[in-house]
Amino acid sequence: MSISELREPRRRVGTTGERLLDVRGLRTSFTTRDGVVRAVDGIDFHVNRGEILGLVGESGCGKSVTSLSILRLIAPPGRIEAGELIFDGRDLLKLDSRQMRELRGNRISMIFQQPTSSLNPVFSVGRQLEEVLELHRNMKRRAARDRAAELMRMVGIPDPVRRLDAFPHALSGGMAQRVMIAMALACEPELLIADEPTTALDVTTQEQIIDLLQEMQAEFNLSIILITHDLGVVARVANSILVMYAGRPAEFGEADDIFYRCSHPYTRGLLDSVDYGAYRPGEHLHPIAGVPPRLDQLPPGCAFHPRCLYAEPICRDSVPEFGRVPSGHTVAACHPALAGRLNLHRAGAHASGAREL
Amino acid sequence: MASTAPLAEQSLDQPLVARPANLWRDTLRNLLGQRSAQAGLVLLGVVLLMAVAAPILATHGETTNMLDAGETRATGAVRNAAPCIHLLGCAASKSQHILGLDSNLRDEYSRVIYASRVSLEVGFFTVGIAIIIGTVLGAIAGYAGGWADNLVMRVMDVLLAFPALVLAIAIVTVLGPSLINAQIAVAIVGIPVYARVMRASVLSIRERDFVTASRALGASSYDILLRRILPNALTPLIVQGTLGIAGAILDVAALSFLGLGSQPPAADWGSMIGDARNVVFVAPWLVLAPGAAIAIMVLGFNLLGDGLRDALDPRLNR
Ligand SMILES: Nc1ncnc2c1ncn2[C@@H]1O[C@H](COP(=O)(O)OP(=O)(O)OP(=O)(O)O)[C@@H](O)[C@H]1O
Ligand code: SF4
Ligand SMILES: [Mg+2]
């Protein structure tokens, strides 16, 4: 597998092990006409200082809701029902809205999937950068402008001083995402949440943006929550990985453990369904059969059981705990894995190791 | 950084423009490049010139009775006198009145010129009031939502349920006939339009990605409303306002025509038409002249409004 090629040993930055964000039992729900939808139901994970957490899962599994919940940007009819968001020792859910506002953009920032529409169309990008600095740093207009140009240069925008006067519609997607990154990093935050920052960009630009994020991470000892569908990217940059399925955590662990010693059938399925950009003849991809369930019609027990090749009778009856597997490598929510009855370390194990229920 | 910069240069979609983009300059350039806006600006320029240079352009006083100005029946100072232009063969013994005299022996041409001031003021004042109140109400309704939204918008619905002019007449009747009351009435009647435009803008803009993005970077609700939503809502408001000026002028003119607005002896196009309505077949110029003036002004604002609508769309800037 080409994962090994992608995962060269990387320089570890920052105080390894120091917890920056600890998410415990986060539960976010939306009240809809058809009832309450638990978009995120009991997520546990943490992000260490200076590290990149990859957040992966199929569309609609609650990745964006998780990230918006961390910033407490869930708007009605959505609501954070329960959980703790311990950021640098303080529970974000206990802060008042002013304290939370001071934190956003200052200590925790976020960038989004659509860079061009994430910028205000009626102001120049320079003005928007200045606003962030004026807001959090009380900078005066002139100083803010100089700093804005500096930030634009930092994120690799050519001719930054003239670009300050450009309007968003005049920028390419890649340039706009660089501007967004500059805005997000203007106040040197400790945590950056990047919600599919490259999905809307072409392949070359994707690479550049990921490189840029990695550079920024090294430069500022920044922690990043990187949400993406691209396991290749995760393989390349992530220190740890959270796999989500249908609003619940499936598996969480160090990136190496997830890639080489995963314990959850869904993780295995994801890994085996991707070609990491280096497909070779003779190797086979094994997409996961079926589609993710609707959140308002979750199957009983383990939500993955209708698609799972390792499903046991207990899987239909009870929801698996999210706990450490006996091998000690990762935290997973799977009955047989928690009972130590599953070994999925081999690539392709999801398909070849199929058993009848 | 050195490694990414050259790559970034290649991935630029568009070459750098020679001059940095400037929203207002771009808008102005777009505006001036449009036929309808050009025509509108010319027409409004004429009206503006009339208003500013009225003392120079007018041949007589706004309210001067020609008998008081030393003219006699012999020199043509009769009620509803026909236009007398010496160049076009009017007898030299008669005094010259380009658009004749009205029923009070006042020079119609001079009155038409002076009345442009009233109409301009009426247009801007009325729409200004309506826009300010409408925008505030619409912003509250759209941003606060819930019961505030319901309360504001139901009141607006009630206002909209009446034909505008009928409602304006009712309001003036309560306030008493005068030009200022007519303007207030027309402004009140105009509020719902701007409130609706603003509310709709707020509702659609608040869902846009850049609003969420600014929230994620720490902007407060106040910042969001004033610096994100309002500037983006300005386009439809300006366009609606420009078009609204025309309507407001017509409405106030209509009230004046009915004797509920501008009071004698002040000159106002609407009341001038109203005063001359009984002699429309005898002295049609007394109706046609102020009528044409209203038409020019209304057309000017409508054309300008259409042009603005296109010019203010930042995506059209090149
Ligand atoms: N405003 C909302 N109202 C109702 N339900 C919502 C709302 N926002 C999200 N959801 C629910 O939350 C679920 C998770 O959405 P989310 O956007 O987090 O998915 P995602 O993992 O980010 O997917 P994608 O990869 O497509 O971005 C959705 O399937 C949807 O049912
Ligand atoms: S709990 Fe059962 S159904 Fe769920 S992933 Fe594990 S084996 Fe599959
Ligand atoms: Mg998403």
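Keep in mind the model is a prediction, meaning the values are calculated, not measured. (Residues numbered from 1 in each chain as written. Chains lettered and ligands numbered in written order. Predicted model: local features only at pLDDT ≥ 70, side-chain atom pairs only at ≥ 80, totals over all residues. Heavy atoms only, no water.)

Asks: Quick one: what's the story with the site of ligand 2, residue by residue and with numbers?
Replies: If you check the shell around ligand 2, you find His264(A), Pro265(A), Cys302(A), Phe304(A), His305(A), Cys308(A), Tyr310(A), Ala311(A), Cys315(A), Cys334(A), His335(A) and Pro336(A) and nothing else. Class assignment for the residues of the shell around ligand 2 results in nine nonpolar, three polar and no charged. (Near = heavy atom within 4 Å. Nonpolar A, V, L, I, M, F, W, Y, C, P; charged D, E, K, R; others polar.)

Asks: Tell me about a nonpolar patch on the surface, and please be specific about residues and values.
Replies: All names here are of chain B. Together, Phe125, Ile129, Ile132, Ile133, Val136, Ile140, Val174, Leu175, Ile180 and Ile184 make up a nonpolar patch on the protein surface, roughly 840 Å² of accessible area in all. For the nonpolar patch, the elements supplying multiple residues, two or more each, are helix H5 (108–144), helix H7 (164–175) and helix H8 (179–205). With six residues, H5 is the single largest residue contributor to the nonpolar patch. (Patch = residues over 30% accessible without salt bridge, like charges linked within 9 Å, V, L, I, M, F, W, Y side chains within 5 Å. Areas by Shrake-Rupley, 256 points an atom, 1.4 Å probe, with all protein chains shown as cover. Salt bridge = Lys/Arg side-chain N within 4 Å of Asp/Glu carboxyl O. Helix = DSSP H or I, 4+ residues; strand = E, 2+ residues; numbered from the N terminus.)

Asks: Now, about the domain arrangement of chain A: what can you tell me, with residues and values included?
Replies: Residue and element names in this part refer to chain A. Its domain assignment divides chain A into domain 1 (3–238) and domain 2 (242–356). Listed as interface residues are 34 residues of domain 1 and, on the opposing side, 25 residues of domain 2. Summed over both partners, the interface of domain 1 with domain 2 buries about 2400 Å², with 62% contributed by carbon and sulfur atoms. Across the salt bridge formed by Asp41 and Arg248, the nearest N and O atoms sit 3.6 Å from each other. Put simply, domain 1 and domain 2 have seven residue pairs in polar contact (both at pLDDT 80 or more) between them. Of all the secondary structure elements, the ones that give two or more residues to the side of domain 1 that touches domain 2 are helix H1 (3–6), strand E2 (35–48), strand E3 (52–56), helix H2 (63–70) and helix H9 (231–237). In terms of residues, the side of domain 1 that touches domain 2 owes the most to one element, E2, which gives 10 residues. Its residues assigned to classes, the side of domain 1 that touches domain 2 comprises 15 nonpolar, 10 polar and nine charged. (Domains from an automatic or database assignment. Contact = heavy atoms within 4.5 Å. Buried area = accessible area lost by both parts, 1.4 Å probe. Polar contact = N/O pair within 3.5 Å; in protein donor to acceptor, adjacent residues only side chain to side chain.)

Asks: Describe the packing of aromatic side chains, and please don't skip the residues or the numbers.
Replies: Summed over all chains, the structure comprises five aromatic pairs over all chains. Grouped by ring-pair contacts, the aromatic residues Tyr245(A), Tyr266(A) and Phe304(A) constitute a single cluster. Over the aromatic face of Tyr143(B) sits the side chain of Arg206(B), whose NZ or CZ is 5.3 Å from the ring centroid. Its guanidinium or amino end placed over the ring of Phe257(B), Arg277(B) lies 5.6 Å from that ring's centre, counting from NZ or CZ. (Phe/Tyr/Trp six-rings, centres within 6.5 Å; stacked < 30°, edge-to-face > 60°. Lys NZ or Arg CZ within 6 Å of the ring centre and 35° of its normal.)

Asks: Explain the sheet that holds strand E1 (residues 19–32) of chain A to me, using residue names and the numbers behind them.
Replies: Residues and elements named next belong to chain A. Pairing is antiparallel across the open sheet formed by four strands, whose spatial order is E2-E1-E4-E5. Each end of this open sheet is capped by a strand with a single partner; those strands are E2 and strand E5 (90–91). Strand direction decides the pairing type here: E1 and E2, joined by 11 bridges, are antiparallel. From the neighbouring strand, Arg19 faces E2, where its bridge partner is Asn48. Running over the sheet, H2 touches E1, E2 and strand E4 (78–87) and is turned about 115 degrees from E1. (Pairing = 2+ DSSP bridges. Axes fitted to C-alpha atoms, helices over the stretch in contact; angles between N-to-C directions.)

Asks: Run through the side chain of Glu71(B), naming residues and quoting values.
Replies: Residues and elements named next belong to chain B. Counting through the fold element by element, Glu71 comes out in the loop between helix H4 (54–57) and H5. The side chain of Glu71 is buried and forms no salt bridge, while Lys94, the nearest opposite charge, is found at 10 Å. Among the polar contacts made by the side chain of Glu71, one reaches the side chain of Ser95 at a distance of 2.7 Å. In contact with Glu71, not counting residues within four places along its chain, are His60, Met66, Ala77, Ser95 and His97. (Buried < 20%, exposed > 50% of the residue type's maximum accessible area, 1.4 Å probe, protein only. Lys, Arg positive; Asp, Glu negative; His and termini not counted.)

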